[in-house]
Amino acid sequence: MLKRTHYLALAGVGLLTLALLNLPESLQTRVKSAIGASFLPLFGIRAASDALLDRAGYQVLPRSTLIDNLLRLERENAELRVTALQGADALAENQRLRATLGAAPRGPWHLKLARVVGRDPTTWWRTLQINLGSRDNLKPDHVVMSGAGLVGRISQAGLTHSQVALVGDAECGVAVVVKETRDLGIIKPGQTLLGDGGLVEMTLLQNCPGIMAGQVVLTSGLGGVFPAGLPVGTIVDTRNEDGNVFTTARVRLSANLNRLEEVWVLTP
Amino acid sequence: MNRFTRIFLFLAMWLSVFAQTQFQGLRDLVQVPIAISPALVSYAALTHGLGVTLSLGILGGLWVDSLSASPVGVSVLPLFLLGFTLHLQRHLILRDQGFAQFWVGLGAGAGVPLLTLGVLSLTRSQPVTGGFTVIHLLLLGLINGVACPFLFRMFDFLHRVFDYRPLTTSSFRPDRETVRGRQFRPR
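This is a predicted model, so every value here is computed, not measured.

Engineer: Just checking my understanding: could you explain the nonpolar core for this structure?
Structural biologist: In summary, soluble globular proteins display a tendency toward joint burial of nonpolar side chains. In this structure, Leu150, Val151, Val167, Val232 and Val263 of chain A together with Leu40 and Tyr43 of chain B are the most contacted members of the largest nonpolar core, which totals 97 residues. Residues lining this core come from more than one domain, with at least three contributed by each of domain 1 (4-58) and domain 2 (174-253) of chain A. Once residues lying within four places of it in the same chain are set aside, the contact partners of Leu150 of chain A are Met145, Val167, Val174, Thr219, Phe226, Leu230, Pro231, Val232 and Ala255 of chain A.

And the structure:
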């Protein structure tokens, strides 16, 4: 038998839920940031313990290993300097050609290193939290990638932390192109195969018989969020759907989204 | 239940929501996050009053939503409804029995995400669901089923440690002592 207090509790929680769900999006983000701020001490403890573990690891490593690593990194750095010089030369040439053609210039990316501090607490979203926020000039739609390839885009930027919608999430549709055939496609929201976090489904805009396993998928630059040419993944297999009108391909992502510890945020 | 047990209950909810976002290795192993908030609300509903259950459901839901891509408020109603239903029916549940705690946890662990998906379907959100969602729900149910008896034992222990012990006084009173013998000798 329900008492008056039970009815009041039911009505109160129902009204609260309705009110929260009908908040404008900007206000929702602020409310989320405010409530999420209660976890800042825990994020801080986690960062401190990670740093402590890293430092302890360095203490344990033998000196010879450290010297080997240092020499390897020096060699790698020298190689990358040469590659960067070539890249700068190619960029300058590209800008000259674009200016000649009257196309908008493509500036170099500014990169910010961020640490992954958490995953989505539910199973039906593919998001993660990074330790940079609006105070580090991060905004929604900034592109996030790892050294291996595209990771996603920033969906919400709080003051100190941001939420990244990963490739395959509802908030992160990606317009892509197959490098070898230049066929255009989309990695549609919700088409991620969660059984294997590294596989997503790509729908090509037409029947493309030339598509085959092993071909490379890049961002096409269409859609305005992701710049063109970022590596997304490699085609695993293909199939034709809707009476051979569309081709669908499974793509193995270049970046291992389950093993991310640090990511790069591309800022304009 | 005393004040300390309540504080520990809210602390456990806060930590468990944070833990849901961590431990990627364990998450890869079991395919789902270690989400024990339904088990915590079940424990609160079976052992505490409606006020504590209501507060825990609301706070837990808001904390989960603040770290998730879900719209804020989506997880509040399912957690509250679970606590409310269990609280109303708690006289019918053998809450001291381990098997009853397991089945309550199992139902709560699978039911709360299902209800949350139901609420999400009423909004504009597009959660990633499919055939694997059923397996995820079962796994979440199992995790909560295992966690629920453990939580009961842990909070019982904390209750014993932090609660005042009942004062043990003897019922013996010398002036009421019945002296048995052959002769009655008044004092």
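Engineer: Help me out: how do you make sense of the interface of chain B and chain A in this one?
Structural biologist: When the parts of a complex come together, some accessible area is lost, and that lost area is often taken as the interface size. Facing the 39 residues of chain B at the interface are 38 residues of chain A. Every element with two or more residues in the side of chain B that touches chain A is listed here: α1 (3-20), α2 (24-30), α4 (50-67), α5 (76-88) and α7 (131-162) of chain B. Here the side of chain B that touches chain A gets nine residues from one element, more than from any other, and that element is α4 of chain B. In the side of chain B that touches chain A, the residues fall into 23 nonpolar, 13 polar and three charged.

Engineer: Looking at this structure, I do not really get the confidence of the model for chain A. What am I missing?
Structural biologist: Detail in the predicted coordinates should be disregarded across regions flagged by low pLDDT. On average, residues of chain A score 84 in pLDDT, and 93% of them are at 70 or above. Within chain A, strand β3 (residues 143-145) of chain A carries the highest mean pLDDT (91), whereas strand β7 (residues 184-192) of chain A carries the lowest (70).

Engineer: What should I look at first to understand helix α6 (residues 98-121) of chain B in this one?
Structural biologist: Count 3.6 residues to each turn of an α-helix, and residues three or four apart come out pointing the same way. The end-to-end C-alpha distance of α6 of chain B, which contains 24 residues, comes to 35 Å, matching closely the 34 Å that a straight helix rising 1.5 Å per residue would cover. Lining the buried residues of α6 of chain B we find α3 (37-47), α5 and α7 of chain B.

Engineer: Even after reading the chapter, I still don't get the pairing of strand β9 (residues 216-219) of chain A, so can you show me in this structure?
Structural biologist: The two faces of a sheet get side chains in turn, since along a regular strand they alternate between them. All names here are of chain A. Of the pairings in the sheet, the one linking strand β6 (residues 174-178) to β9 comprises three bridges and is antiparallel in character. Bridged to Val178 within β9 is Val217. The pairing of β9 with strand β10 (residues 231-241) spans three bridges and is classified as antiparallel. Bridged to Val217 within β10 is Gly233.

Reading the values: the criteria
- Residues numbered from 1 in each chain as written.
- Chains lettered and ligands numbered in written order.
- Predicted model: local features only at pLDDT ≥ 70, side-chain atom pairs only at ≥ 80, totals over all residues.
- Core = buried A, V, L, I, M, F, W, Y, C linked by C-beta atoms within 7 Å.
- Buried ≥ 20, exposed ≤ 12 C-beta atoms within 10 Å, placed from the backbone.
- Domains from an automatic or database assignment.
- Contact = placed C-beta atoms within 7 Å.
- Helix = DSSP H or I, 4+ residues; strand = E, 2+ residues; numbered from the N terminus.
- Nonpolar A, V, L, I, M, F, W, Y, C, P; charged D, E, K, R; others polar.
- pLDDT = per-residue confidence, 0-100.
- Expected span 1.5 Å × (residues − 1).
- Pairing = 2+ DSSP bridges.

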